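# Geometric and topological summary
One-letter residues, chain by chain:
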Amino acid sequence: MRCFLQSLWRASVLFCLGLLVIHCGEARVLTEVPPGPLYRVVDSELSISCNVSGFRNNNTKKEFEFRMYRPANPNSEINIISSREKDFSYAIFDQRVRNKEVTLEYVSPNSVFFKIKHLQKGDEGEYECFAINIESGYDGIYAAKITVKVIDNSLIVSSPMPPSVSHNEGDTLTLTCQASSNTVQHTHLSVTWYLHKDGEDLAHPIISLDRDFTLSPGQGFEGRYQSGLIQLDKVGEATYRLTMAQLEPSDQGKIHCQAEEWIQDPDRSWYSIAQKDAEATTLTVKAKEVVSDKSSLVVTISAQQTGLQEGQELSLSCSVDAQDIAERFFSVAWLREGVELARIGPTGVLSVGPLYSGREKKGELRASRIRNQDHQLILQPVGTSDQGEYMCRAWPEDRDADGRFTQGAAKDSNSLSVTISAAESGLSVEMEKKNVRVNEGDRLQLTCKVRGVKSQLSVTWQHKSTPAGISNVIALTQEGVMVVGPNFAERKVVAMRPATDTFTLELNELTPSDSGSYQCTVTEGTTSNSQSDSGNVSVTAVESLLKVRLTNRNPVVTVGDEVELVCRLNGPRLPVTLRWSVKRGDSSPDTILTLAPNGDIDWSGDQSRYQLKSENFGDEVQQTLLITGASHREAALYRCEVSVFLENRHKRIPPSNLLALMVKNPVSKLALASTPTVKGDINTDIEITCSVTKPTSTTSRFAVTWLVQQQAKTMTILTSDRDGVVTFGPQVESSQGQRISMMRSEGPSFDLTIRQARIGDSGLYFCRVVEWLQDPRGQWYELPPVNKTTELNLTEPLNDLSMDKTEQEVTAKEGAEVDLMCSLTSGAFSPSFLYTLTWLYTASDRSVMKVPLVKLDHTGLLKYPTNKQLLGLQRRIRLSRPTPSSFHLGIQPAHEGDSGTYQCQVEQYQLDPQGHWQQKASDDSGPITLSVNTTVSHLSVEKEDMNLNVTGSQDFSIPCHITAQPSQSSAIQVTWFWQKETDTEQLPIFTVYRNSTLEDRSGRGNRLRFDHPVPNHFNLTVLKSIPGDSGLYFCEAEEWLLSLSQGWRKVAVDKSGNLSVSVHTEAGDHDAVSSPGCSSSIALGVPIAVIVCLVIAVIFLGLKICRGQTSGAKKPNDSLWAEKHPLEPKPSPE
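The notes below deal with the structure included here. Sequence positions are assigned chain by chain, starting from 1 and proceeding in written order. Given that this is a predicted model, residues contribute local features only at a pLDDT of at least 70 and side-chain atom pairs are listed and counted only at 80 or more, while totals for whole chains, interfaces and linings are drawn from all residues. Calculated side-chain values reflect all of the structure's heavy atoms, with hydrogen atoms and water omitted.

## Some points on the overall build of the chain
Helix numbering and strand numbering both begin at the N terminus, where a helix is a DSSP run of H or I of at least 4 residues and a strand a DSSP run of E of at least 2. For the chain, the count of helices and strands is eight helices and 86 strands. By residue count, 41% of the 1134 residues in the chain fall in the buried class. Contact between two residues is taken to exist if any of their heavy atoms lie within 4.5 Å; hydrogens are not considered. For the chain, the share of sequence-separated contacts (at least 6 apart) that also reach a separation of at least 24 residues comes to 60%. Accessible surface for the chain amounts to roughly 59900 Å². Of this, 51% is attributable to carbon and sulfur atoms. Summary of the burial criterion: residues with accessible area below 20% of their type's maximum are buried, those above 50% are exposed, and those between are partly exposed, where the area comes from a 1.4 Å probe applied to protein chains only. For the area figures, the Shrake-Rupley method with a 1.4 Å probe applies, and any residue is considered shielded solely by the protein chains shown.

## Comments concerning the packing of aromatic side chains
Between two aromatic rings, the relevant description is the distance of the centres plus the angle of the planes. For Phe, Tyr and Trp, where Trp contributes only its six-membered ring, two rings pair if their centres lie within 6.5 Å, and the inter-plane angle classes them as stacked under 30 degrees, edge-to-face over 60, or tilted in between. All chains considered together, the criterion is met by 16 aromatic pairs. Ring geometry for Phe990 versus Phe1010: centroids 6.1 Å apart, planes at 20 degrees, classification stacked. Here the residue Phe990 occupies a position in strand β80 (residues 987–992), and Phe1010 occupies one in strand β82 (residues 1008–1011), the gap between them amounting to 20 residues. When its relative accessible area of 7% is taken as the criterion, Phe990 is described as buried. Here Phe1010 falls in the partly exposed class, since its relative accessible area comes to 24%.

## Thoughts on the environment of Ser351
Among the structural elements, Ser351 can be located in strand β26 (residues 350–352). Residue class for Ser351 comes out partly exposed when judged on its relative accessible area of 36%. Spatially, the C-alpha atom of Ser351 lies 9.4 Å from that of Ala367, the residues being 16 residues apart in sequence. Once you skip the residues sitting within four places of it in the chain, Ser351 turns out to touch Ala342 and Arg343.

## Looking at the sheet that holds strand β67 (residues 818–826)
Pairing between two strands is assigned when DSSP locates at least 2 bridges connecting them. In space, the four strands of this open sheet follow the order β65-β67-β72-β71, with antiparallel pairing throughout. Because the sheet does not close on itself, it has two edges, and the strands there are β65 (802–803) and β71 (877–880). Across six bridges, β67 lies against strand β72 (residues 886–891) in antiparallel orientation. Bridge pairing links Leu820 to Leu889 in β72.

## Section: the state of the cysteines
Counting rule for disulfides: a pair of cysteine sulfur atoms within 2.5 Å. In total, this model carries seven disulfides according to the counting rule given. For Cys448, the disulfide goes to Cys520, at an S-S distance of 2.4 Å. Taken together, the residues Cys448 in strand β35 (residues 444–451) and Cys520 in strand β41 (residues 516–524) connect sequence positions 72 residues apart. Here the two residues Cys448 and Cys520 agree in accessibility, since each one is buried. Each sulfur in the disulfide pair Cys960 and Cys1035 lies 2.0 Å from the other. On the sign convention where negative means left-handed, the S-S torsion of about 75 degrees between Cys960 and Cys1035 marks this disulfide as right-handed. Of the two residues, Cys960 sits in strand β78 (residues 956–964) while Cys1035 sits in strand β84 (residues 1031–1043), which places them 75 residues apart along the sequence.

## A closer look at the side chain of Asp386
When you line up the elements, Asp386 lands in the loop between β28 (374–379) and β29 (388–399). Of the residues examined, Asp386 reaches a relative accessible area of 2% and is grouped as buried. Between N or O atoms, a polar contact is any pair within 3.5 Å; within protein, one atom must be a potential hydrogen donor and the other a potential acceptor, and residues adjacent in sequence are included only when both atoms are from side chains. A distance of 2.7 Å separates the side chain of Asp386 from the side chain of Arg359, its partner in a polar contact. Once you skip the residues sitting within four places of it in the chain, Asp386 turns out to touch Arg336, Tyr356, Arg359, Pro381 and Ile420.

## Thoughts on the environment of Ile48
Checked against the element boundaries, Ile48 lands in strand β3 (residues 46–53). With 10 residues separating them in the primary sequence, Ile48 and Leu38 have C-alpha atoms 9.5 Å apart.

## Brief notes about the nonpolar core
Leu565, Trp580 and Tyr638 are the most contacted members of the largest nonpolar core, which totals 36 residues. Where this core is concerned, the elements lending two or more residues are β43 (547–552), β45 (563–570), β46 (576–583), β47 (590–595), β50 (620–627), β51 (636–646) and β53 (659–664). Here the element with the most residues in this core is β51; it accounts for six residues. Val41, Val191, Ile207 and Leu232 belong to the second largest nonpolar core, which has 33 residues in total. Residue types Ala, Val, Leu, Ile, Met, Phe, Trp, Tyr and Cys, when buried and joined through side-chain atoms within 4.5 Å, form a set referred to as a nonpolar core.

## A closer look at the sheet that holds β28
Judged by pairing direction, the sheet is antiparallel, and its four strands sit side by side in the order β21-β23-β28-β27 without closing on themselves. Across the chains shown, the open sheet's two edge strands, defined by having one partner strand only, are β21 (298–303) and β27 (365–369). Here the strands of the sheet are splayed against their neighbours by 15 degrees on average, with no regard to which way each runs. Here six bridges tie strand β23 (residues 314–321) to β28, and the two strands are oriented antiparallel to one another. Bridge assignment links Cys318 to a residue of β28, and that residue is His375. Axes here mean lines fitted to C-alpha atoms, for a helix over just the part in contact, with angles spanning 0 to 180 degrees between N-to-C directions.

These figures come from the coordinates and say nothing about function on their own.
Pasting the structure below:
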């Protein structure tokens, strides 16, 4: 089973590798979402596109899934929606998916839009789009993530205009709205004014100021915008003013402004995150009278109020209408009772009559041209002398080429009667406080005391400021009805009469523009009798009230310390929004957190690093930002900023001072230890150790730099950073770098090793250790380096090379292993030396004389000098150096021809300062005489003489017993000889050669039988003897050895004793064998003994075979002839 799983695993790996080869190692599928983070407002729509590419079939509809990870639990995924599974959503999203508030819309088979219609605060987190794999294998990226931040909607839009206004055709309309946002992120606002005409479903844009501050008119208003009749101006920080000149009847309807807040996403595109509308103002436009021809003029006069009381404002409007009025010039004058009050010339210059010139200087008379055809005269305050009949007079003015005007016929308007009443009484008015100082955002309360009251009273409060002039704040009629002035319609203003003789004005949420003179005008009954008094009000801007300071008890802290930054707010209690920011280097400030007036905290940074504490000390509020575990990243410029919500907008207060926080490293406790002085010889390996004995922290890491100072110059050898990566100094050459290394060991210790040191490596070596610590954020920082110095002194050893001159004699047997040795008596014990060894050889027959046999140079290169006579010997030699002082030459196996004289020659080498090897000395050893002999023979054959008498036709045997054979590798050759009794010639009759070949040399044919029953016993039997076989018999044994150099050769010969045989023809004759001291019975016992030995050998072999069969369960022994043990033939000596 295990083998099957392994095979299956290998097949799977090969299959995967095959897929990788097919795809060339590159990812194919790619899933993409826009870059993040995306900032979106609560209750707005979120839309995320997800596109996948790289599938084989591009037209097949792909399946997608969306998940999210909330910041509180970033490792826990929440299923939102899937295009494949209906029940994919978790409970928190299930109902929203069913209600279609969360949708997944296909744009193409490979692209979808994920949408949430109304974002909630809990929707903030990291969203993941996952493309489901529809293919057999995975190849690429199937998921992509994007971060979404959900922020509060701080956009505020309001309009101070009255609900409805009425104008004549051709008049100018001015409307304002205020728009502001307190979003922490960098956003832009766009403002658009809309006109919603009666009877139409949709509102039409009049003019827009987009996020890039570009004006663009709406459809149908392009021409009037290009003519300058429609304008949109930004006044101040948050006020947007719409001006529509030459109103047309088609402009009638509801007009409102809409503000939109935009944010720039990371892909550089702009996205609308909030949109709000201000209250609409209903506009009524009255059509004007039609002019019949070009020469005709139509002059009209109108007044907002014709029945006035003393002290009130008289506003007279004069309108001139004619054809091509924009291209013509007119002079307009106002007359009372036929007396000219003021005139506006064709160029717009005002001239005042003598009766009203003084009032014009006091600012009680003002006249201006509002548009080409509209002119306005204002008298304030008026007296009873100002009542009467008023009319307007207009003259056409023609301008010639020189710019001079020629006045045409005058045209008068109809007359307008204005009455101004006054009553004499003892009424007096006094403002209680003539000078009042209040703060921005506070409430203003002014009181008027009245005396001499005889009838019902009404009061009018007016505000006079330098840029805006006089404007009505509020009036309280005799019936107790409050009438708010147009400029204060959107303000919280109240006029009261808490007592019969007391009138009060209350104006909330004061702004600096409310500074100026306030006049209380009290009118008695229905008469024009009125009395007034005024007082000055100074509103101190909130910028000068709220003071923001940022302090810190300790501007320099150590890594890991806690830091307290205190933002001190001094001033009145106002609803403020506090923002903490940090600026690092040249980058723009980053927001840490925003504290809303209701106490909500919006964290923009890493919340785990900060805490916020708020304390109220009466006249001061302290907002303390706690930084837990300071790191070098906290070393930056900090600032707290405050904004106040006033006038329906966020008003920023000058920020606090920039506070620099410096984070220093802890004091280093690092201590090092090293050997002050290291001495050594050149060409040896030198090791310099630098150990850390006391670190600053148990988690410290160390960067080490080794430097050397030589001749007042310091050079960097190598540097090992805190991760153990080693780099060599710029001045270290590659050849030097191969000799230098550094190793770290426990402790830690830093070991600098210089291999094959040279005399030039001497000098002062500096171990510079930089300790690295990890701050609370996990970032590494370094402490000041610590140095240790070691002086390296290198010396050159003395040259005293000497070889042993003793003559040696070595004797070996042929085929044995020979070991020849020569040794150094001095100069071998310094590792700075290397040696070249040459063995010289002189043959015993002087055929070669002192020729190099083998050479091993100092670089380790082995060379065999070319010499055909020595080729066989060179193949059988080996070199060794078991000790520094001995050199060995081994010969295996030794041949007889290896005999001769051997001698070794040694040369001593040493590196010079330039790194080159130079020969320092040489010497020869004493001669070694080697004698290789063949095996000494001790061959011996039994020498006993015997007599044998046999009868004809009887067999007899001629034994040959070898009693001694010295070598098991030798071969024996036996020859039997016969000598007749009457002859002296010895004739060979039979030979058993060393290769077991038999030869009948007597011609006796089949009457000879050879027998070799046991080792060293040879027997020749003569069958059916005849008398001619009588004679003297003996055997001769030869010992042959295989010589490694000369082949087979005979090394010894020995001869047996004589056997005298007599063959008789008669049977009665005795056939006993007699020998000196032996009877015939002994001769007959020899064959019997041989037979008994053979029987015993057969029984012994039978027992061995049976025992071998019974042990069949055992593992058989390895055979020497098995393939596991192949024979390796010896090399031929040739």
